Each structure stands twice: as C-alpha cells, then as structure tokens.
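What the coordinates show
Here's the letter readout for the chains.
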Amino acid sequence: MTASATAEGFGAFTVRVAAGPADLEACFAVRKEVFVVEQGVPEEIEYDAYDAGAVHVLAFGAAGPLGTGRLLHGPAALDRTGGDASVGSLGRLAVTGAARGLGVGAALVRAIEGEARRLGLAAVDLHAQTQATGFYERLGYAAYGPEFLDAGMPHVAMRRAV
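Residues numbered from 1 in each chain as written. Predicted model: local features only at pLDDT ≥ 70, side-chain atom pairs only at ≥ 80, totals over all residues. Heavy atoms only, no water.

**Quick word on the overall build of the protein chain**
The following threshold applies: Working definition: helices are DSSP H or I runs of at least four residues, strands are E runs of at least two. Numbering for both runs from the N terminus. Atoms counted for the radius of gyration: C-alpha only. Globule rule: 2.2 Å times the number of residues to the power 0.38. Three exposure classes are used, based on accessible area relative to the maximum for each residue type with a 1.4 Å probe and protein chains only: buried under 20%, partly exposed in between, and exposed over 50%. The Shrake-Rupley method, run with a 1.4 Å probe, gives the accessible areas here. Residue values count only the displayed protein chains as cover. Charge assignment: positive for Lys and Arg, negative for Asp and Glu; neither His nor the chain ends contribute. A charge is said to be at NZ when it belongs to Lys, at CZ for Arg, at CG for Asp and at CD for Glu.
Looking only at helices and strands, one finds 4 helices and 8 strands in the protein chain. Taking 162 residues into account, the globule formula puts the C-alpha radius of gyration at 15 Å, and the protein chain, at 15 Å, falls close to it. With the C-alpha coordinates of the protein chain rotated into their principal frame, the extents come out at 40 × 35 × 30 Å. Expressed as a percentage of the 162 residues in the protein chain, the buried residues total 42%. When the accessible surface of the protein chain is split by element, carbon and sulfur atoms take 57% of a total near 7600 Å². Considering the protein chain, the positive charge centre built from 13 side chains and the negative charge centre built from 18 side chains are found 5 Å apart.

**So, the pairing of strand S6 (residues 123-129)**
Stated formally: Two strands are counted as paired when DSSP detects at least two bridges linking them. Consider the strands pointing away from the viewer: the crossover is right-handed when the path from the first strand over the helix to the second runs clockwise.
Across the 7 residues that make up S6, a large majority, 6, are buried. Sheet topology places strand S5 (residues 87-95) next to S6; 4 bridges connect them, and they run parallel. Residue pairing across strands places Val-87 opposite Ala-123, the latter belonging to S6. Taken together, S5, helix H3 (residues 104-118) and S6 constitute a β-α-β crossover, and its handedness is right-handed.

**What to know about the pattern of salt bridges**
Put simply, the rule is: Just to be clear on terms, a salt bridge is a Lys or Arg side-chain nitrogen sitting within 4 Å of an Asp or Glu carboxyl oxygen.
Tallied over the full model, the rule gives 14 salt bridges. The salt bridge involving Lys-32 is made with Glu-43; its shortest N-O contact spans 3.6 Å. Of this pair, Lys-32 sits in helix H1 (residues 21-38) while Glu-43 sits in helix H2 (residues 43-46), and the two are 11 residues apart along the sequence. By sharing partners, the salt bridges in this structure join Arg-31, Glu-46, Asp-48, Asp-51, Arg-70 and Arg-92 into a single network.

**Concerning the layout of surface pockets**
Over the atoms a probe the size of a water molecule is rolled, and this reveals where empty space is left. Heads up, the rule is: The method works on a 1 Å grid over the protein atoms by themselves. A cavity is a set of points holding a 1.4 Å probe that cannot get out, a pocket is an open set with protein on both sides within 12 Å along at least five of seven lines, and residues with an atom within 4 Å of a point line them. Grid points are joined across faces, edges and corners, and a volume is the space filled by probe spheres set on the points. Following the grouping adopted for this structure description, the nonpolar residues are Ala, Val, Leu, Ile, Met, Phe, Trp, Tyr, Cys and Pro, the charged ones are Asp, Glu, Lys and Arg, and the polar ones are all others, Gly among them.
Space inside the largest pocket adds up to approximately 940 Å³. Taken together, 39 residues make up the lining of the largest pocket; nearest its centre are Phe-35, Arg-92, Leu-93, Gln-129 and Tyr-136. Mapped onto the lining of the largest pocket, the elements with two or more residues apiece are H1, H2, strand S4 (64-72), S5, H3, S6, helix H4 (133-138) and strand S8 (153-161). Among the residues making up the lining of the largest pocket, the classes are represented as 20 nonpolar, 10 polar and 9 charged.

**Remarks on unusual backbone geometry**
A positive phi angle, close to 55°, is found at Arg-92, a residue other than glycine. Here Arg-92 is to be found in strand S5. Of note in this structure, Ala-151 is not a glycine but carries a positive phi near 55°. Among the residues examined, Ala-151 registers a relative accessible area of 36% and is labelled partly exposed.

**Describing the environment of Ser-89**
Stated formally: By the convention used here, residues are in contact when the closest approach between their heavy atoms is within 4.5 Å.
Within the element layout of this structure, Ser-89 appears in strand S5. For the pair Ser-89 and Arg-159, spaced 70 residues apart in sequence, the C-alpha to C-alpha distance is 9.1 Å. If we ignore the near neighbours within four places in the chain, the residues touching Ser-89 are Arg-70, Leu-71, Leu-72, Ala-77, Arg-80, Thr-81 and Asp-125.

**Description of the nonpolar core**
Defined as follows: For our purposes a nonpolar core is just a set of buried Ala, Val, Leu, Ile, Met, Phe, Trp, Tyr and Cys residues, chained together by side-chain atoms within 4.5 Å.
Leu-90, Val-104, Leu-108, Tyr-136 and Tyr-141 are the most contacted members of the largest nonpolar core, which totals 27 residues. Looking at this core, the elements that each hand over two or more residues are strand S2 (11-17), strand S3 (55-61), S4, S5, H3, S6 and S8. The element best represented in this core is H3, accounting for 6 residues. Not counting residues within four places of it along the chain, the set of residues in contact with Leu-90 comprises Arg-70, Leu-71, Val-109, Ile-112, Val-124, Asp-125, Leu-126, His-127, Tyr-136 and Tyr-141. Listed in part, the 6 residues of the second largest apolar core include Val-30, Val-34, Val-41 and Met-153.

No statement about biological role is implied by the geometric values presented.
Below, the structure is given as structure tokens:
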C-alpha cells in the first residue's frame, strides 16, 4: 500500500507500509525523535517485542521520514482491545515537529485503517495521549473508559469501526 498526498507549503509526501530494514530504521528514528527526545519516554520502553510482528507505516517526503505508526493485530493486540480479536491496535503514531499540522498524521491513521481492513479487522483501538484526543475525534474515533497513565502521561482509549 502506497498513497501520495501534498501538504500545503510542504510538498508531496507518500505513506506506505514499511518494507525492509531501512524503512523500519526510519520508523524507529521518527519514534526516537518524537517520543524519546521530545517527550522524554524512556528508550527502553519505547521499543518492544511487538515491533517485530506489527505492520508499520511510514510517511516520507523529500526531506526524509516525516512520520510513522504501527498496527498490532491478532494475539499481539488482545490486551489492548479488551480481548476482541476482530479489533486491531493503532499505536506509536508519531509525526516530526516540522511536519505537524500538514495532514501527515491523518494520512498515517488512514493508512493504518486500510491495513486493518485488508487484514479483515472490524475496528481499530488506540490509546491516545489526552492532549491528542481532538485529533482522533476529528478522524471518527470515540473515547471510552477512564483516563489512565502510560509512560507517565495521561491517555484515553478510543475506537473507530473500519
């Protein structure tokens, strides 16, 4: 899956499923920049055993990687979806500071939803940082359950049918 878009004043970018070690390295570099460096998430908890079996998506522009996200499905997603095997788990969505507000995040979410449909999933769950819930609500996600801490930051669970 590859999709192209143009961000006003930023140029064209593509969103694709990560294929091969170089793409995965680019995904991890964006996550390190956003979560570890910018938000202070400890590096030892940012990367986990789920990365190996996840579907990773990557937004890439002329200046390099712009954003990433991952989709967990099957047994890897069960503890994040209330045990529902028909639901995937969107996570590790990160957009570089220079690319924020340009549609990259929305394009990544839509690509992950497309992969969820391709895998036969009925919905996608995510754990949103509470300050990002408006972004996900605009994309059709609804919050459910109480607020909780993840990596020391408040989050809320959200879901959208795909």
